[in-house]
Amino acid sequence: MSADDLDDYEAQLELALYKEYRDVVGLFAYVVETERRFYLANHVDLKAHNDAGDVYFELTLRDAWVWDSYRTARFIKTVHVLTFKDVNIEEIAKSDLEPPTAIRG
């Protein structure tokens, strides 16, 4: 397998993953981003911990989907993440998922 073949394969995986994301995003309430992964989830619980001056985050997601092109099963019942890095959680506005309506004049 050449380097070009490998690049093409990875591009195809990434495109398939994007299409899957586009198809499932409407099923979820939250977008969650950690330093290692990107998730969609319907329940998010975030707890900040301070241990001897070190702050870390404990994140539990339920009913989730993970952006990972190498996983065969991206739908996950429960995810538990511990991280010292930033966690970004956004609620998905259902109106953002609707295509714009045509302007009639």
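Residues numbered from 1 in each chain as written. Predicted model: local features only at pLDDT ≥ 70, side-chain atom pairs only at ≥ 80, totals over all residues. Heavy atoms only, no water.

Colleague: Can you lay out the nonpolar core for me, pointing to particular residues and giving the numbers?
Modeller: Counting residues in hydrophobic clusters, the biggest one holds 11 residues: V32, Y39, A41, V44, L59, L61, A64, V66, I76, V79 and V81. Of all the secondary-structure elements, those providing two or more residues to this core are strand 2 (38-51), strand 3 (54-66) and strand 4 (75-83). For this core, the element with the most residues is strand 3, which contributes four residues. Look past the residues within four positions of A64 in its chain and what remains in contact with it is F28, L40, A41, R74, F75, I76 and V79. One finds L17, V25, F28 and W65 within the second-largest nonpolar core, a separate group that totals eight residues. (Core = buried A, V, L, I, M, F, W, Y, C linked by side-chain atoms within 4.5 Å. Buried < 20%, exposed > 50% of the residue type's maximum accessible area, 1.4 Å probe, protein only. Helix = DSSP H or I, 4+ residues; strand = E, 2+ residues; numbered from the N terminus. Contact = heavy atoms within 4.5 Å.)

Colleague: Mind laying out a nonpolar patch on the surface, listing which residues take part and the relevant values?
Modeller: On the surface, a nonpolar cluster with roughly 510 Å² of combined accessible area is contributed by M1, L6, Y9 and Y70. Positionally, Y70 belongs in the loop between strand 3 and strand 4. (Patch = residues over 30% accessible without salt bridge, like charges linked within 9 Å, V, L, I, M, F, W, Y side chains within 5 Å. Areas by Shrake-Rupley, 256 points an atom, 1.4 Å probe, with all protein chains shown as cover. Salt bridge = Lys/Arg side-chain N within 4 Å of Asp/Glu carboxyl O.)

Colleague: Break down the confidence of the model for the protein chain for me, with residues and values.
Modeller: Per-chain confidence: the protein chain averages 89 in pLDDT, with 90% of residues scoring 70 or above. Ranking the elements of the protein chain by mean pLDDT puts helix 2 (residues 94-97) last with 65 and strand 1 (residues 30-33) first with 97. (pLDDT = per-residue confidence, 0-100.)

Colleague: Break down the packing of aromatic side chains for me, with residues and values.
Modeller: In total, this model carries eight aromatic pairs according to the counting rule given. Each ring, one from Y21 and one from F38, has its centre 5.9 Å from the other, and the planes form 65 degrees; the classification is edge-to-face. One end of the pair, Y21, is in helix 1 (residues 3-24); the other, F38, is in strand 2, with 17 residues separating them in the sequence. Owing to a relative accessible area of 23%, F38 belongs among the partly exposed residues under this scheme. (Phe/Tyr/Trp six-rings, centres within 6.5 Å; stacked < 30°, edge-to-face > 60°.)

Colleague: Let's hear about unusual backbone geometry: which residues, and what values?
Modeller: Located in the positive-phi region is A52, a residue other than glycine, with phi close to 55 degrees. With a phi angle near 55 degrees, D63 is a residue other than glycine that sits in the positive phi range. Counting through the fold element by element, D63 comes out in strand 3. Since its relative accessible area comes to 42%, D63 is described here as partly exposed.

Colleague: Tell me what's going on with the sheet that holds strand 4, and back it up with residues and numbers.
Modeller: Spatial strand order, 4-3-2-1-5: five strands in an open sheet with antiparallel pairing. Of all the strands in the sheet, just strand 4 and strand 5 (88-91) have a single pairing partner and so form its edges. The sheet shows a mean angle of 20 degrees between the axes of neighbouring strands, taken without regard to direction. Note: strand 1 against strand 2, four bridges, orientation antiparallel. Among the inter-strand pairings, E33 is bridged to a residue of strand 2, identified as F38. Each of strand 2, strand 3 and strand 4 is contacted by helix 1, which is oriented at about 80 degrees to strand 3, the strand it contacts most. (Pairing = 2+ DSSP bridges. Axes fitted to C-alpha atoms, helices over the stretch in contact; angles between N-to-C directions.)

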